[in-house]
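Results of the structural survey
Here is how the chains run, residue by residue.
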Amino acid sequence: MKYPRALDDLLESFRKYPGVGKKTAERYALHTVTKFSEEEIDEIIGSFQRIKTEIFDCPICGNITDQNPCYICKDDSRDKSKIIVVEESKDIIVMEKMNSYHGLYHVLKGAISPSNGVGPEDINLSSLMERLKDDKIKEVILATNLSNEGETTALYIRRILEGSGIFVTRIAHGIPAGANIEYADEVTLSKALEGRREF
Ligand SMILES: [Zn+2]
């Protein structure tokens, strides 16, 4: 069956989401067109528009936020001697669920991947180096994914911090090789953090 053009476009939009294939996208698009009221559609459009205008990257840590700086960076009760370095904002959400870490974070917004043409200058690394000039920071905990890219990125950061006097550690214990931080459960992650080793 040939869909009207607008429905086809909507379907293609849904396909942009991770894990959404053609069938699911088709279901979402048809549901939107046939089941949602005009008000519901306006609500969805409104949410998308608000994302564009209200959400931005924290200028300090790179986490997504609607306040400047983000709630973690501006929280004076947090331990400012430690920074966990992650690839994506969603990794912070997982880490915060552990409820056992009260330091700071830094979001790289990606990982170094020479095969995909992503170099150190393409990720949010220079602002991390800027932050590390603050001598309050004693430890950098590398929590990039345990994929090739994540490992490459961790090794790169370790190398540039050599001789800086900052203690560099890597979480690893219990997280399988190749795994993404976002899929680790809180207990595994807590253990991995507790058991972090000098890197
Ligand atoms: Zn922040």
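Look up a bit, the structure's there.
Residues numbered from 1 in each chain as written. Predicted model: local features only at pLDDT ≥ 70, side-chain atom pairs only at ≥ 80, totals over all residues. Heavy atoms only, no water.

**Side note on the packing of aromatic side chains**
Tallied over the full model, the rule gives 3 aromatic pairs. On the basis of an interplanar angle of 80° and a centroid distance of 5.5 Å, the ring pair of Phe14 and Tyr28 is categorised as edge-to-face. Linking Phe14 in helix H1 (residues 5–14) with Tyr28 in helix H2 (residues 22–35), this pair joins segments that are 14 residues apart in sequence. A network of ring pairs unites the aromatic residues Phe14, Tyr17 and Tyr28 as a single cluster. Stacked on the ring of Phe199, the Lys or Arg Arg158 has its end atom at 5.0 Å from the ring centre. (Phe/Tyr/Trp six-rings, centres within 6.5 Å; stacked < 30°, edge-to-face > 60°. Helix = DSSP H or I, 4+ residues; strand = E, 2+ residues; numbered from the N terminus. Lys NZ or Arg CZ within 6 Å of the ring centre and 35° of its normal.)

**Notes on the coordination of the zinc ion**
Binding of the zinc ion to the protein goes through Cys58 (SG), Cys61 (SG), Cys70 (SG) and Cys73 (SG), at separations of 2.3 Å. In this structure, the zinc ion is coordinated by 4 donor atoms arranged in tetrahedral fashion, with angles at the metal of 103 to 114°. When the donors of the zinc ion are listed by position in the chain, the intervening gaps give C-x2-C-x8-C-x2-C. This pair shows no difference in class: Cys61 is buried, exactly as Cys70 is. (Donors = N, O, S within 2.8 Å, 3.2 Å for Na, K, Ca; no water. Tetrahedral: all angles 85-135°; square planar, octahedral: opposite > 155°, others 65-115°. Buried < 20%, exposed > 50% of the residue type's maximum accessible area, 1.4 Å probe, protein only.)

**Description of the packing of H1 against H2**
The geometry of H1 relative to H2 is characterised by a closest axis approach of 8 Å and an angle of 130° between their N-to-C directions. Classified by the interaxial angle, the pair formed by H1 and H2 is oblique. Between H1 and H2 the crossing geometry is right-handed. Residues Leu7, Leu10, Leu11 and Phe14 of H1 form the contact with H2, whose participating residues are Ala25, Glu26, Tyr28, Ala29, Leu30, Thr32 and Val33. Residue composition of the contact of H1 with H2, by class: 9 nonpolar, 1 polar and 1 charged. (Axes fitted to C-alpha atoms, helices over the stretch in contact; angles between N-to-C directions. Parallel < 35°, antiparallel > 145°, perpendicular 65-115°, else oblique. Left-handed = near helix turned anticlockwise from the far one by under 90°. Contact = heavy atoms within 4.5 Å. Nonpolar A, V, L, I, M, F, W, Y, C, P; charged D, E, K, R; others polar.)

**A look at the pattern of salt bridges**
Across all of its chains, the model carries 8 salt bridges by this definition. Close ionic contact of Glu96 with Arg78 constitutes a salt bridge, the shortest N to O distance being 2.9 Å. Separated by 18 residues along the polypeptide, Glu96 in helix H4 (residues 89–98) and Arg78 in the loop between strand S2 (64–65) and strand S3 (82–86) bring together distant segments of the chain. Judged by its relative accessible area of 22%, Glu96 falls in the partly exposed class. The exposure class assigned to Arg78 is buried, which follows from its relative accessible area of 9%. Across the salt bridge formed by Asp134 and Lys136, the nearest N and O atoms sit 3.7 Å from each other. (Salt bridge = Lys/Arg side-chain N within 4 Å of Asp/Glu carboxyl O.)

**Quick word on a nonpolar patch on the surface**
A cluster of nonpolar side chains, Tyr17, Ile44, Phe48, Ile51, Ile55 and Ile64, forms an exposed patch at the surface whose accessible area comes to about 560 Å². In terms of residue count, helix H3 (residues 38–54) provides more of the nonpolar patch than any other element does, 3 residues in total. In this fold, Ile51 is placed in helix H3. (Patch = residues over 30% accessible without salt bridge, like charges linked within 9 Å, V, L, I, M, F, W, Y side chains within 5 Å. Areas by Shrake-Rupley, 256 points an atom, 1.4 Å probe, with all protein chains shown as cover.)

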